[in-house]
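Next come the chains, spelled out residue by residue.
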Amino acid sequence: MFRQLPNLISSARLLAGPVLVWLAGTHRESAFAWLLVIALLSDVADGLIARMFKLQSKLGAMLDSVADVMTLSIAAFGIWIFHPDVYRDHAFAGAAVIGGWILVCVVALLRYGRLSSFHTYVAKTTGYAVGFFLAALFVIGFTPWLFYPMVVLCVIGSIEELALLWYLPAWRADVRGLWWVLRERRLTGDA
């Protein structure tokens, strides 16, 4: 049972999805905010437990990625419902974040037939920044000093993911980052 704990946490995040959509659709912002925060914390927990206890698996990486896409999509929907001014006042930044993220998902699906699941250091850092921004937005309100660094990290992360999708001919989970992939290619002579 413990071996499956990270997958169970990711699955619980997936099960929270319909509840989050219902909460947003019925304008229950406080409940939406707290369940979203729990979902975001579960994203940290599943990866941390998997790494700490060496429980990583391809299934876990894919579950985590699907749960991430669902949670972020619902968070974007929640912003539209509860904080439409964020989209209105920051349309270019929002388009860069959401557009880059959608582009990465589409390219990964076309290239590998599944989400990338690279979980690079940049992606993890970006995930924390997005999580902090979303938690702050829904609990205390818009926070510019969290928003703008998050946007920059999202754009950098999307660029790195697209480069990895270009360089890696086959799907791989848990890639540290572009620098390590290029170094690996140089060392093996696959340049």
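See the structure printed just above.
Cut-offs applied
- Residues numbered from 1 in each chain as written.
- Predicted model: local features only at pLDDT ≥ 70, side-chain atom pairs only at ≥ 80, totals over all residues.
- Heavy atoms only, no water.
- Phe/Tyr/Trp six-rings, centres within 6.5 Å; stacked < 30°, edge-to-face > 60°.
- Helix = DSSP H or I, 4+ residues; strand = E, 2+ residues; numbered from the N terminus.
- Buried < 20%, exposed > 50% of the residue type's maximum accessible area, 1.4 Å probe, protein only.
- Lys NZ or Arg CZ within 6 Å of the ring centre and 35° of its normal.
- Expected span 1.5 Å × (residues − 1).
- Bend = angle between axes of the 7 residues up to and from the residue.
- Contact = heavy atoms within 4.5 Å.
- Core = buried A, V, L, I, M, F, W, Y, C linked by side-chain atoms within 4.5 Å.
- Axes fitted to C-alpha atoms, helices over the stretch in contact; angles between N-to-C directions.
- Parallel < 35°, antiparallel > 145°, perpendicular 65-115°, else oblique.
- Left-handed = near helix turned anticlockwise from the far one by under 90°.
- Nonpolar A, V, L, I, M, F, W, Y, C, P; charged D, E, K, R; others polar.
- Salt bridge = Lys/Arg side-chain N within 4 Å of Asp/Glu carboxyl O.

Caption draft 1: Representation of the packing of aromatic side chains within the structure. Evaluation of the coordinates by the stated rule reveals 11 aromatic pairs. With a centroid separation of 6.0 Å and an interplanar angle of 40°, the aromatic rings of F77 and W80 are classed as tilted. Taken as a pair, F77 and W80 lie in helix α3 (residues 58-82) at a separation of three residues, close to a single helical turn. On the accessibility criterion, F77 (29% relative accessible area) is partly exposed. Taken together, the ring pairs connect F133, F142, F147 and Y148 into an aromatic cluster. In this structure, R114 packs its charged tip against the face of W171, placed 4.6 Å from the ring centre.

Caption draft 2: A look at helix α1 (residues 5-25). Here α1 spans 31 Å end to end across 21 residues, near enough to the 30 Å set by a 1.5 Å rise per residue. Most pronounced at G17, the bend in α1 amounts to some 30°, and the proline P18 follows within four residues. Restricting attention to buried positions, one finds in α1 the residues P6, N7, I9, S10, R13, A16, G17, L20, L23 and A24. In the core, the buried residues of α1 are packed alongside α2 (29-52) and α3. Two residues or fewer past α1, H27 is found with a positive phi of approximately 60°.

Caption draft 3: Here's a closer look at the nonpolar core. F32, L36, F133, L134, F138 and M150 are the most contacted members of the largest nonpolar core, which totals 27 residues. Counting residues per element, the ones that place at least two in this core are α1, α2, α3, α5 (91-112), α6 (121-139) and α7 (144-167). With seven residues, the single largest contributor to this core is α6. With residues up to four places along the chain from it excluded, the contact list for F32 reads L20, L23, A24, I74, A75, G78, F82 and F138. Judged by nonpolar contacts, the second largest core, of 10 residues, contains V104, A108, L164 and V181.

Caption draft 4: Molecular detail of the packing of α2 against α3. The geometry of α2 relative to α3 is characterised by a closest axis approach of 11 Å and an angle of 155° between their N-to-C directions. Taken together, the axes of α2 and α3 lie roughly antiparallel to each other. Crossing of α2 over α3 shows left-handed handedness. Residue-level contacts link E29, F32, L36, A39, L40, D43 and D46 of α2 to D64, D68, T71, I74, A75, G78 and F82 of α3. By residue class, the composition of the contact of α2 with α3 is seven nonpolar, two polar and five charged.

Caption draft 5: Highlighting the pattern of salt bridges. As enumerated under the stated definition, the model contains six salt bridges in all. Here D64 ties to R13 by a salt bridge, and the two come within 2.8 Å at their closest N and O atoms. Here D64 is found in helix α3, whereas its partner R13 is found in helix α1, with 51 residues between them in sequence. Of the two residues, D64 and R13, neither departs from the other in class, the shared state being buried. Note that R13 is salt-bridged to D68, the shortest N-O span being 3.1 Å.

Caption draft 6: Examining the packing of α1 against α3 more closely. The N-to-C vectors of α1 and α3 enclose an angle of 15°; their axes lie 9 Å apart at closest approach. Classed by the angle they form, the pair α1 and α3 counts as roughly parallel. Helix-helix and strand crossings are classified by hand; for α1 and α3 the assignment is left-handed. Its residues assigned to classes, the contact of α1 with α3 shows 14 nonpolar, seven polar and three charged.

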